[in-house]
There are 4 protein chains.
Amino acid sequence: MKPPIILINYKAYENSYGEKGVEISKKIEKVSKDYGVPIIISVPATMIYKLSQILEIPVYAQHVDALRHGAHTGAILPEMIKDAGAKGSLLNHSERKIRLDEIHEAVTRIRDLGLESVVCADSYELVHPLALLRPNAILIEPPELIGSGRAVSKEKPEVITRAVNEIKKVEGVYLIAGAGITTGEDVYKAIELGADGIGVASAVMKSSTPEKIVEDFVINVLKAIDKKK
Amino acid sequence: MKPPIILINYKAYENSYGEKGVEISKKIEKVSKDYGVPIIISVPATMIYKLSQILEIPVYAQHVDALRHGAHTGAILPEMIKDAGAKGSLLNHSERKIRLDEIHEAVTRIRDLGLESVVCADSYELVHPLALLRPNAILIEPPELIGSGRAVSKEKPEVITRAVNEIKKVEGVYLIAGAGITTGEDVYKAIELGADGIGVASAVMKSSTPEKIVEDFVINVLKAIDKKK
Amino acid sequence: MKPPIILINYKAYENSYGEKGVEISKKIEKVSKDYGVPIIISVPATMIYKLSQILEIPVYAQHVDALRHGAHTGAILPEMIKDAGAKGSLLNHSERKIRLDEIHEAVTRIRDLGLESVVCADSYELVHPLALLRPNAILIEPPELIGSGRAVSKEKPEVITRAVNEIKKVEGVYLIAGAGITTGEDVYKAIELGADGIGVASAVMKSSTPEKIVEDFVINVLKAIDKKK
Amino acid sequence: MKPPIILINYKAYENSYGEKGVEISKKIEKVSKDYGVPIIISVPATMIYKLSQILEIPVYAQHVDALRHGAHTGAILPEMIKDAGAKGSLLNHSERKIRLDEIHEAVTRIRDLGLESVVCADSYELVHPLALLRPNAILIEPPELIGSGRAVSKEKPEVITRAVNEIKKVEGVYLIAGAGITTGEDVYKAIELGADGIGVASAVMKSSTPEKIVEDFVINVLKAIDKKK
């Protein structure tokens, strides 16, 4: 994983799986290739294998269970997502929270398997504690803005600023900003505030022209990075 | 779903997924075809698509979330397992319990999608309440015997007898007996006690010759049914 | 427990505990004595002992854990609430759901200790399954109406009618109707529709004159019962 | 809170509440007074008020919910335990784990109310992350040793040593060592390894002469501290 990080969380929408899931994934991949920017997609567990077969962009799981091989009905082990082709996993999303000991175990297992992990944090105060577990990145998302259409980078820029400050206390962990990001301007602002990347879901998944949204995001990520240099 | 029901729960063993998962599945399918008896396998979510592509025997999920399309990171919807090729799902296994309202919602959604559901019950007292939700079958498994190698049909035959009694109070729901079933004799006994089928996991998954175990189970199921007639 | 049942769930408001909790309890008890009608109050665990010492009306817990004596940090056992003076417990409230096996265990333990249990149900379809566990009563509460000020008896009278129908399938279990009950008329209607009692929380706890609300409820319960005879 | 910290977690044993709970508490208080050493007891929620009335030693809750006043059936708020007389609360015990965001919220609320918090950690890797939330102390307890009779200070001294190292990274948070502590020697060793105190449960609660066990612990705590000076 290297900045700029663009992570699209598919969640469980109608177009997150099935033929529609394949279709949107191909569009996202095209943008990724056109601009030479990697785009991570985190997809439903049932889709990891299929999408990994047909795509080159990194496919993530949305969650894994912090369990080892054994009698665990219904569990999705890190080993299983790796076998299916995933390159990593989201963990502790506000819609699928797990405990600290589970995050620790999952991050460790994922790393040992050569995969990547992105751990979500609700508030900037949790960025340092979670970064100490050494995931590849922390995704900061104030839950009240998730899916709201009001971007964290505009509504609560201080959350990103503080999170950027916190992440510096631990070396080698990136900071991704998310929640409510809807426009290219939101993306630009997030990178400008110091984030290493952005996380997005509904703005892309609920759009009738997702490829345009993603393209606009990519353009603004690149522009903001260029400006920084 | 029609009796006799043979359900093999893959859980999360090393051979529950990947190449080993494919291999054991093919062996199970061969026995199914050789004897003309359907065998249901409940597999990890990441394997549903792959196994559904190469097998004709019914592939089940081990769990689904009782949620509708939307912002549900990490969720596995009934629609997703159907799309991936599953014919049904286990629900409420002792290792992955869910609440009554969730079982109700999941069973209803699964039925509406034309899939099948098998709801697990810890004790015979819960068979009637759970059967009222109209799943296709109830799988009775005393949790203390799961994976123990001591079969419910031998150690606690009264659990099966009572569960058989309870299931009769609701029309159209089958009773499957499980927990600790290891030998053909255990299987025979379970059917003899009135069960419509058997559920098994470790005895098959941990065996070095799973095809022989499964064959022995199938033979004894058929023998017990024959005897009853 | 005998109809008419009036249950006031204190929840966790500012006046649910402490001096304010004592004060509101005394007012409720006064109404109970004035009209000769028992009123059950379900109070925070920390208040059971104190309120049981000073009141004669039945004090309930709002939840108990389905556990036996042992190493269970943070657990509230049925034995503990009995020791503190409780006469029973609410279970499975929409704000504190537990699993079916836990409800079963808790109801059984509570009964064995000579206490009473009221199990909450979200929908009428769950009334029959839950009644089979033999609690003293089922409290039906459509979650979308809880605390809404829109009474179940007016907004969804068919939920009560159907629940009344379902409860008849099991002998000896009462049906209490709740969610959004705000006025005496709402109470009257609930009893008229066949409920054995009513459950209420915010209408009383958030009122500046709770004693008047409770009095109005009691009057209407008595009037509705009188009418039925 | 000041070292040396001696914390006795009552859990949910037969003598954790009721008359037996009062009796054992008085015995513990006597030792505390005889030696002029504070001993914290964490008791069931139903016992906080009663024990706070009759004791002078600090009474803690075993758990609180990270919620604010409102419609939360079954919740135990920080405000409620304070009102009942508690001086603080255990949080995140291995038998009652909560999520990181819940620990953060609970610790903050508890501090704002002028109470104390002791947050449990399963492994030394979690000591630093949890200490960043600024509880009064972290209680390190390898879960496999809890209630085992095999003391952490003997079986896994390196866990304490490493935890002591970790806690130093955050100023003003104490480290308590627990799990399996049974003898005065175990206690002595824990303090010698650098812990600011010890946590114990079954060794005291399951003893027929708890006052002797507690006295022995206190003597050894004092001896170890003396040695260090």
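Residues numbered from 1 in each chain as written. Chains lettered and ligands numbered in written order. Predicted model: local features only at pLDDT ≥ 70, side-chain atom pairs only at ≥ 80, totals over all residues. Heavy atoms only, no water.

As for the overall build of chain A
Reasoning step 1: Counting its secondary structure elements, chain A contains 10 helices and 8 strands.
Reasoning step 2: Taking 229 residues into account, the globule formula puts the C-alpha radius of gyration at 17 Å, and chain A, at 16 Å, falls close to it.
Reasoning step 3: Counting only C-alpha atoms and orienting by the principal axes, one finds that chain A spans roughly 50 × 40 × 30 Å.
Reasoning step 4: Burial status across chain A gives 61% buried among its 229 residues.
Reasoning step 5: Total accessible area on chain A stands at roughly 8500 Å², and carbon and sulfur atoms take up 47% of it.
Reasoning step 6: Looking at chain A, you have 30 positive and 31 negative side-chain charges, and the mean spots of the two groups are 1 Å apart. (Helix = DSSP H or I, 4+ residues; strand = E, 2+ residues; numbered from the N terminus. Rg over C-alpha atoms; globule rule 2.2 N^0.38 Å. Buried < 20%, exposed > 50% of the residue type's maximum accessible area, 1.4 Å probe, protein only. Areas by Shrake-Rupley, 256 points an atom, 1.4 Å probe, with all protein chains shown as cover. Lys, Arg positive; Asp, Glu negative; His and termini not counted. Charge placed at Lys NZ, Arg CZ, Asp CG, Glu CD.)

Digging into the relation of the copies chain B and chain A
Reasoning step 1: When chain B is fitted to chain A, the best match, at an RMSD of 0.0 Å, comes from turning it 180° and sliding it 0.0 Å along the axis. This pairing of chains is accounted for by a two-fold axis. Among all residues of chain B, the one whose C-alpha sits closest to the rotation axis is T46(B), at a distance of 2.5 Å.
Reasoning step 2: Mapped onto chain A, 100% of the interface residues of chain B are again interface residues, and the two copies thus contact each other with one and the same surface. (Least-squares fit on C-alpha atoms with pLDDT ≥ 70 in both. Contact = heavy atoms within 4.5 Å.)

A word on the interface of chain C and chain B
The extent of an interface is frequently quoted as the accessible surface area lost upon association of the parts.
Reasoning step 1: Counting from both sides, the interface comprises 15 residues of chain C and, opposite them, 15 residues of chain B.
Reasoning step 2: Taking both sides of the interface into account, the surface hidden between chain C and chain B amounts to around 1300 Å²; carbon and sulfur atoms contribute 78%.
Reasoning step 3: At the boundary of chain C with chain B, the tally comes to 2 salt bridges.
Reasoning step 4: Taking the shortest distance from any N to any O, the salt bridge between K97(B) and D101(C) comes out at 2.6 Å.
Reasoning step 5: The interface formed by chain C and chain B contains 2 residue pairs in polar contact (both at pLDDT 80 or more).
Reasoning step 6: Contributing elements (two or more residues each) for the side of chain C that touches chain B: α4 (100-112) and α5 (127-131) of chain C.
Reasoning step 7: Here the side of chain C that touches chain B is built from residues that sort into 7 nonpolar, 3 polar and 5 charged. (Buried area = accessible area lost by both parts, 1.4 Å probe. Salt bridge = Lys/Arg side-chain N within 4 Å of Asp/Glu carboxyl O. Polar contact = N/O pair within 3.5 Å; in protein donor to acceptor, adjacent residues only side chain to side chain. Nonpolar A, V, L, I, M, F, W, Y, C, P; charged D, E, K, R; others polar.)

As for a nonpolar patch on the surface
Residue and element names in this part refer to chain A.
Reasoning step 1: Nonpolar side chains collect at one region of the surface, where Y35, I219 and L222 lie side by side and expose about 220 Å² of accessible area between them.
Reasoning step 2: For L222, the location among the structural elements is in helix α10 (residues 210-228).
Reasoning step 3: The exposure class of L222 is partly exposed, given its relative accessible area of 32%. (Patch = residues over 30% accessible without salt bridge, like charges linked within 9 Å, V, L, I, M, F, W, Y side chains within 5 Å.)

Structural notes on unusual backbone geometry
Residue and element names in this part refer to chain A.
Reasoning step 1: Cis geometry marks the peptide bond from P3 to P4, where omega comes out at -5°.
Reasoning step 2: Examined against the element boundaries, P4 turns out to sit in the segment before β1 (5-9).
Reasoning step 3: For A179, which is not glycine, the phi dihedral falls at a positive 95°.
Reasoning step 4: For A179, a relative accessible area of 3% puts it in the buried group.

As for the relation of the copies chain C and chain B
Reasoning step 1: Once chain C is rotated about the relating axis by 180° and shifted along it by 0.0 Å, it coincides with chain B to within an RMSD of 0.0 Å.
Reasoning step 2: A symmetric contact is evident, with 100% of the interface residues of chain C recurring at the interface of chain B.

Details of the interface of chain B and chain A
Reasoning step 1: With 34 residues of chain B in contact, the opposing surface of chain A contributes 35 residues.
Reasoning step 2: When chain B packs against chain A, close to 3000 Å² is buried across both sides, 61% of that on carbon and sulfur atoms.
Reasoning step 3: The interface formed by chain B and chain A holds 0 salt bridges in total.
Reasoning step 4: Joining chain B to chain A, the criterion identifies 14 residue pairs in polar contact (both at pLDDT 80 or more).
Reasoning step 5: With 5 residues, the top contributor of residues to the side of chain B that touches chain A is helix α3 (residues 78-84) of chain B.

A look at the pairing of strand β4 (residues 88-91) of chain B
The two faces of a sheet get side chains in turn, since along a regular strand they alternate between them.
Residues and elements named next belong to chain B.
Reasoning step 1: Burial of the side chains of β4 extends over both faces: G88 and L90 are buried on one face and S89 and L91 on the other.
Reasoning step 2: Sheet analysis places strand β3 (residues 59-61) next to β4, joined by 2 bridges and oriented parallel. Pairing of A61 across the sheet is with S89, part of β4.
Reasoning step 3: Relative to strand β5 (residues 116-121), β4 runs parallel, the two being bridged by 4 bridges. Bridge pairing in β5 places S89 opposite S117.
Reasoning step 4: Between the parallel elements β4 and β5, the chain passes through helix α4 (residues 100-112) in a crossover that is right-handed. (Pairing = 2+ DSSP bridges. Right-handed = clockwise from strand over helix to strand, strands pointing away.)

Considerations on the pairing of strand β2 (residues 39-43) of chain B
Residues and elements named next belong to chain B.
Reasoning step 1: Of all 5 residues that make up β2, 5 are buried, and the element is covered over most of its length.
Reasoning step 2: Side chains I39, I41 and V43 of β2 all project onto a buried face; the interleaved residues I40 and S42 project onto the opposite face, where all are buried too.
Reasoning step 3: Bridge count for strand β1 (residues 5-9) against β2 is 4 bridges, and the pairing is parallel. Paired with I6 across the two strands is I39, which belongs to β2.
Reasoning step 4: In the classification by handedness, the crossover that spans β1, the intervening helix α1 (residues 18-35) and the parallel β2 is right-handed.
Reasoning step 5: Where β2 and β3 come together, 3 bridges link them in parallel fashion. In the strand pairing of β3, S42 is matched with Y60.

A few points about the sheet that holds strand β5 (residues 116-121) of chain A
Residues and elements named next belong to chain A.
Reasoning step 1: Taken in spatial order, the 8 strands close into a barrel running β1-β2-β3-β4-β5-β6-β7-β8, and their pairing is parallel. The mean inter-strand angle of the sheet, taken between neighbouring strand axes irrespective of direction, is 25°.
Reasoning step 2: Pairing of β5 with strand β6 (residues 137-140), which is carried by 4 bridges, proceeds in the parallel orientation. Bridging from a neighbouring strand, A121 pairs with I140 of β6.
Reasoning step 3: Sitting on the sheet, helix α1 (residues 18-35) touches β1 and β2 (39-43), and the angle it makes with β2 is about 165°.
Reasoning step 4: Docked against the sheet, helix α4 (residues 100-112) engages β4 (88-91) and β5, running at close to 155° with respect to β5. (Axes fitted to C-alpha atoms, helices over the stretch in contact; angles between N-to-C directions.)

Looking at the packing of α1(A) against α10(A)
All names here are of chain A.
Reasoning step 1: Look at α1 against α10: their axes get within 9 Å of each other, and the N-to-C directions meet at 30°. It follows that α1 is roughly parallel to α10 by the angle criterion. When the axes of α1 and α10 are compared, the crossing they make is right-handed. Along its contact with α1, which presents I24, K27, I28, V31 and Y35, the element α10 presents P210, E211, V214, E215, V218, I219 and L222. (Parallel < 35°, antiparallel > 145°, perpendicular 65-115°, else oblique. Left-handed = near helix turned anticlockwise from the far one by under 90°.)

Points about helix α1 (residues 18-35) of chain D
Residue and element names in this part refer to chain D.
Reasoning step 1: An ideal rise of 1.5 Å per residue puts 26 Å on 18 residues; α1 measures up with 26 Å between its terminal C-alpha atoms.
Reasoning step 2: The set of residues buried in α1 consists of G18, G21, V22, I24, S25, I28, E29, V31 and S32.
Reasoning step 3: Immediately downstream of α1, the backbone of G36 shows phi near 60°, a positive value. (Expected span 1.5 Å × (residues − 1).)

Regarding the side chain of S89(C)
Reasoning step 1: Secondary-structure assignment places S89(C) in strand β4 (residues 88-91).
Reasoning step 2: Once you skip the residues sitting within four places of it in the chain, S89(C) turns out to touch Y60(C), A61(C), Q62(C), H63(C), V64(C), I81(C), I110(C), E116(C), S117(C) and V118(C).

Here we look at the confidence of the model for chain A
Reasoning step 1: Looking at chain A as a whole, the pLDDT averages 96, with 100% of positions reaching at least 70.
Reasoning step 2: Reported confidences for the modelled complex are a pTM of 0.96 and an ipTM of 0.96. (pLDDT = per-residue confidence, 0-100.)

What about the sheet that holds strand β6 (residues 137-140) of chain D?
In a beta sheet, neighbouring strands are held together by backbone hydrogen bonds and run either parallel or antiparallel to one another.
All names here are of chain D.
Reasoning step 1: Spatial ordering of the closed barrel is given by β1-β2-β3-β4-β5-β6-β7-β8, a layout of 8 strands whose pairing is parallel. Going across the sheet, the axis of each strand differs from the next one's by a mean of 25°, ignoring polarity.
Reasoning step 2: In the packing of helix α4 (residues 100-112) onto the sheet, contacts are made with β4 (88-91) and β5 (116-121), and the angle to β5 comes to roughly 155°.
Reasoning step 3: Here helix α7 (residues 157-167) sits on the sheet in contact with β6 and β7 (174-178), set at roughly 165° to β7.

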